[in-house]
Amino acid sequence: MRASRPLAALTGFALLGIALTACQDQASGQIVARNDGRVVQTLTNPSVRGCHRFPGGVTHVTNLTQSSLRMYTTRDCTVPAGGAYDFVDIGATDQVVRATGLWNSFDFAPE
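Residues numbered from 1 in each chain as written. Predicted model: local features only at pLDDT ≥ 70, side-chain atom pairs only at ≥ 80, totals over all residues. Heavy atoms only, no water.

**As for the overall build of the protein**
And step 1. Across its full length, the protein carries one helix and eight strands.
And step 2. Walking the protein from its N terminus toward its C terminus, one meets helices and strands in the order α-β-β-β-β-β-β-β-β.
And step 3. Sorting the 111 residues of the protein into buried and exposed places 30% on the buried side.
And step 4. For the protein, contacts bridging at least 24 residues in sequence account for 62% of all contacts bridging at least 6. (Helix = DSSP H or I, 4+ residues; strand = E, 2+ residues; numbered from the N terminus. Buried < 20%, exposed > 50% of the residue type's maximum accessible area, 1.4 Å probe, protein only. Contact = heavy atoms within 4.5 Å.)

**A look at the side chain of His 52**
And step 1. Position of His 52 among the secondary structure elements: in strand 3 (residues 52-58).
And step 2. For His 52, a relative accessible area of 17% puts it in the buried group.
And step 3. Of note is the side chain of His 52, whose polar atom sits 2.8 Å from the backbone oxygen of Ser 47. (Polar contact = N/O pair within 3.5 Å; in protein donor to acceptor, adjacent residues only side chain to side chain.)

Structure, rendered in structure tokens:
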């Protein structure tokens, strides 16, 4: 049975819409985490939702995604009393300040 052109076009647009919606849940690109020069973790196209933990603390982060990051010293993406988060912009590399301690988690900054 042949499908009509309008039905085929509508189906194609629906599939394209579903594919584009699914892509919005991921940051396109990579995040490279290092501890004193040694690569600890490389994340490719990570989810933009929720808190992400590093396996142990990291001293350097390179953000090669299309989204900005917020870096935390805590394991659960919270700001400790009297503390703050660090911001790593799109395409930037940043190094933790020794006085604040290692970065243990990150999330994506709202756009």
